[in-house]
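So you can see what is in the structure, the chains are spelled out below.
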Amino acid sequence: MSTSSITPSPRLKAVFDSLLVTLRQFIRDHRISHDEYRHAVAFMLETAEKGEIPLLMDVLLEATVDQVESEGHRGTASSVEGPFYVANAPAMKTPAVLPHRANEPGDVVFVSGTVRAADGAPLAGAIVDVWQADAQGAYSHFNIPEAEAKFNLRARISADKDGGFEFQTWVPSSYEIPKHGPTGDILKATGRHPWRPAHIHFRLSQPGFQTLTTQLFVAGDPYIDSDVVGAVKAPLVINFARHENPAELRERGQQRPFYTARYDFVLASALAKAA
Ligand code: MBD
Ligand code: FE
């Protein structure tokens, strides 16, 4: 960004001035020493060098932004995007099987549901953009080497004419924030556990409707009530039902027990926001 392209912004001035007032008061309140101040600068530098700025910010602050922005929002509850979204995942039609490795670890789950307007009208062809970690907590593009799998467990699925979608994926596990970096360090040093409950990310879009970024959480996860990110909302916690009887296995072409999960999404009208 070159200086010449910068035009004064009243909004930026207001929030930046306020941020400085808050931070200067914080320094006075806590009698921050030079030594502590230099530690803070070094911590920020290390976070940037390790590529963890998005992770640190999203872990500490994004849930609050979501709370503020979703006040009064109608439709399915939103949740944070987090640092691991990748645009332009493979486009697929429902029913889809998410891109996966030949020996994708963990248990298969079929996730299905509908995308509708607030009045119940089906949103034909709505785009259901999904991404998740694998059963070992690894996100493609970040923790899985690209040579091993590109866009693993990521896809943009178009819903059918009734707004219905279904995709086969693998049950995610509880997610541990990377331990060997500054984000992990600060959590450890301040006595916070580094876990998120198992979740699948969604970004739902349809022309004329507000794009919804949210997550579905696996009921029964040990961290469902203590997400380090603070992004769990009760209506987004869903049951993953286990199926193991031979008839069901045959019907789904599965050799091992599998799961199903369902959710019906509601998108708010784009007009509702403008009003
Ligand atoms: C994640 O997987 C995530 O979804 C968020 C919001 C923050 C850190 C890791
Ligand atoms: Fe995530």
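Residues numbered from 1 in each chain as written. Chains lettered and ligands numbered in written order. Predicted model: local features only at pLDDT ≥ 70, side-chain atom pairs only at ≥ 80, totals over all residues. Heavy atoms only, no water.

Novice: Could you give an account of the packing of helix 3 (residues 53-60) against helix 5 (residues 182-189), with specific residues and numbers?
Specialist: Relative orientation of the contacting elements helix 3 and helix 5 amounts to 35°, with a least axis distance of 9 Å. Touching Leu-55, Leu-56 and Val-59 of helix 3 are Thr-183, Ile-186 and Leu-187, all from helix 5. Residues that form the contact of helix 3 with helix 5 fall into these classes: 5 nonpolar, 1 polar and no charged. (Axes fitted to C-alpha atoms, helices over the stretch in contact; angles between N-to-C directions. Helix = DSSP H or I, 4+ residues; strand = E, 2+ residues; numbered from the N terminus. Contact = heavy atoms within 4.5 Å. Nonpolar A, V, L, I, M, F, W, Y, C, P; charged D, E, K, R; others polar.)

Novice: Describe the layout of surface pockets, with residues and values.
Specialist: Regions of empty space are outlined by a rolling probe, equal in size to a water molecule, passed over the atoms. Its volume calculated, the largest pocket comes out at about 1,200 Å³. In this structure, the largest pocket is lined by 25 residues; those nearest its centre are Leu-19, Leu-23, Phe-26, Ala-40 and Met-44. If you list the elements that add at least two residues to the lining of the largest pocket, you get helix 1 (10-30), helix 2 (34-49), helix 3, helix 4 (62-69) and helix 5. Per element, the largest residue contribution to the lining of the largest pocket is 7 residues, and it comes from helix 2. Considering only residue class, the lining of the largest pocket consists of 19 nonpolar, 3 polar and 3 charged. The volume enclosed by the second largest pocket comes to roughly 470 Å³. Looking at the second largest pocket, it is lined by 20 residues, and the ones nearest its centre are Glu-69, Ser-70, His-73, Ser-78 and Lys-273. Listed by contribution, the elements that provide at least two residues to the lining of the second largest pocket are helix 4, strand 10 (212-218) and helix 7 (270-274). Here the lining of the second largest pocket is built from residues that sort into 5 nonpolar, 8 polar and 7 charged. (1 Å grid on protein atoms, 1.4 Å probe; cavity = no way out; pocket = protein on both sides within 12 Å on 5 of 7 lines; lining within 4 Å. Points joined across faces, edges and corners; volume = space filled by probe spheres on them.)

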